[in-house]
Amino acid sequence: MTRDLAFLSGVLHREADAETSLPSLAEIGLNYFVPYLLNRIAATWNADLAGELRKYDLTTPQMRALAVLGINSGLTINELSTLTVTEQSTMSRTLDTLEARGFVGRRPRASDLRVREVEITAAGREAFDAFWPVMFQHYEQMFRGIGEEEFSQFVAILQKVLRNIRLSDAE
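Rules used in this analysis
- Residues numbered from 1 in each chain as written.
- Predicted model: local features only at pLDDT ≥ 70, side-chain atom pairs only at ≥ 80, totals over all residues.
- Heavy atoms only, no water.
- Core = buried A, V, L, I, M, F, W, Y, C linked by side-chain atoms within 4.5 Å.
- Buried < 20%, exposed > 50% of the residue type's maximum accessible area, 1.4 Å probe, protein only.
- Helix = DSSP H or I, 4+ residues; strand = E, 2+ residues; numbered from the N terminus.
- Contact = heavy atoms within 4.5 Å.
- Pairing = 2+ DSSP bridges.
- Axes fitted to C-alpha atoms, helices over the stretch in contact; angles between N-to-C directions.
- Parallel < 35°, antiparallel > 145°, perpendicular 65-115°, else oblique.
- Nonpolar A, V, L, I, M, F, W, Y, C, P; charged D, E, K, R; others polar.
- Expected span 1.5 Å × (residues − 1).
- Patch = residues over 30% accessible without salt bridge, like charges linked within 9 Å, V, L, I, M, F, W, Y side chains within 5 Å.
- Areas by Shrake-Rupley, 256 points an atom, 1.4 Å probe, with all protein chains shown as cover.
- Salt bridge = Lys/Arg side-chain N within 4 Å of Asp/Glu carboxyl O.
- Bend = angle between axes of the 7 residues up to and from the residue.
- Phe/Tyr/Trp six-rings, centres within 6.5 Å; stacked < 30°, edge-to-face > 60°.

Quick word on the nonpolar core
No. 1: Among the nonpolar cores identified, the biggest contains 25 residues, and L66, L80 and L95 are the most heavily contacted of them.
No. 2: Secondary-structure elements contributing two or more residues to this core are α2 (34–55), α3 (60–71), α4 (77–84), α5 (88–100), β2 (112–120) and α6 (122–142).
No. 3: Those residues within four positions of L66 in sequence are excluded, and the remaining contacts are L58, L98, F103, V104, I120, G124, A127 and F128.

Some remarks on the pairing of β2
No. 1: The sheet contact formed by strand β1 (residues 104–109) and β2 spans six bridges and is antiparallel. Within β2, the residue paired with V104 across the bridge is I120.

Some thoughts on the packing of α3 against α4
No. 1: Where α3 meets α4, the closest approach of the two axes is 10 Å, and the angle between their N-to-C directions is 105°. Viewed along their axes, α3 and α4 adopt a mutual orientation that is roughly perpendicular. Together, R64, A65, V68 and L69 of α3 and L80, L83 and T84 of α4 make up the contact between the two elements.
No. 2: Among the residues forming the contact of α3 with α4, the class breakdown is five nonpolar, one polar and one charged.

Considering α2
No. 1: When the terminal C-alpha atoms of α2 are compared, their 32 Å separation across 22 residues agrees well with the 32 Å that a helix rising 1.5 Å per residue should span.
No. 2: Every buried residue of α2 is accounted for by W45, L49 and L53.
No. 3: Of the surrounding elements, those touching the buried residues of α2 are α3 and α6.
No. 4: Immediately beyond the C-terminal end of α2, within one or two residues, lies D57, with a positive phi of roughly 55°.

Things to note about the side chain of T60
No. 1: Along the polypeptide, T60 turns up in helix α3.
No. 2: Leaving out residues up to four positions away in the same chain, T60 has contacts with N46, A50 and L53.

Re the environment of A47
No. 1: Among the secondary structure elements, A47 is positioned in helix α2.
No. 2: A47 sits in the exposed class, given a relative accessible area of 51%.
No. 3: Sequence separation of A47 and G102 is 55 residues, and the distance between their C-alpha atoms is 26 Å.

Here we look at a nonpolar patch on the surface
No. 1: On the surface, a cluster of nonpolar side chains totalling about 760 Å² of accessible area is made up of V34, L38, I41, W132, F136, Y139, M142, F154 and L158.
No. 2: Mapped onto the nonpolar patch, the elements with two or more residues apiece are α2, α6 and α7 (148–170).
No. 3: Of note, M142 is situated in helix α6.
No. 4: Using a relative accessible area of 35% as the deciding quantity, one classes M142 as partly exposed.

Structural notes on α6
No. 1: The first and last C-alpha atoms of α6 sit 30 Å apart over 21 residues, in line with the 30 Å expected at 1.5 Å per residue.
No. 2: Along its length, α6 reaches its greatest deviation from straightness, about 40°, at W132, and the proline P133 lies no more than four positions downstream.
No. 3: Listed in full, the buried residues belonging to α6 are G124, A127, F128, F131, V134, M135 and H138.
No. 4: Each element contacted by the buried residues of α6 is listed here: α2, α3 and β2.

Describing the packing of aromatic side chains
No. 1: This model, assessed by the stated rule, comprises seven aromatic pairs.
No. 2: Relative to Y139, the ring of F136 has its centre 6.1 Å away and its plane inclined at 45°; by these criteria the two rings are tilted. Linking F136 with Y139, this pair stays in helix α6, spanning three residues, or about one helical turn.
No. 3: Looking at F136, the relative accessible area reads 36%, which means it is partly exposed.
No. 4: Geometrically, the ring pair formed by Y139 and F143 is edge-to-face, given 5.4 Å between the ring centres and 70° between the ring planes.
No. 5: With a relative accessible area of 35%, Y139 lands in the partly exposed category.
No. 6: Exposure remark for F143: the relative accessible area of 17% places this residue in the buried category.
No. 7: A network of ring pairs unites the aromatic residues F128, W132, F136, Y139, F143, F151 and F154 as a single cluster.

Dropping the structure here:
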């Protein structure tokens, strides 16, 4: 297996190539170890929003489900679990609660009556729309001082990383 460590050349204090040993985490440093940074960002984002969500009587999985269904209604529990980055069992319980509150409904898929699709209701859209300004304010704060070009590059890089992970999962 040939390693291309060029992306670390600005971080390591030695030549980063396939001929040298793997760099240690200490050599890379936590401030350059992207999974660590992503986890810190996600954990902080989730913690900040969790407090705000309580004011709207919503949980993080409920908000994620309403957000995704607001864009793409008619998903299965599996599809929704993937897109909301939520365990399927948690998503199933979340949907039970959302359905009891009248925020979502489930119906058989026309092409396969064994498959149930989840759809957002008008009440579910209203619940998410009420919370969206708070969520957008946190989103805007996250990117304060970051220009259009930096933002576009950042998103493009994240999309490449996600694609690389998916390719790795498929192998």
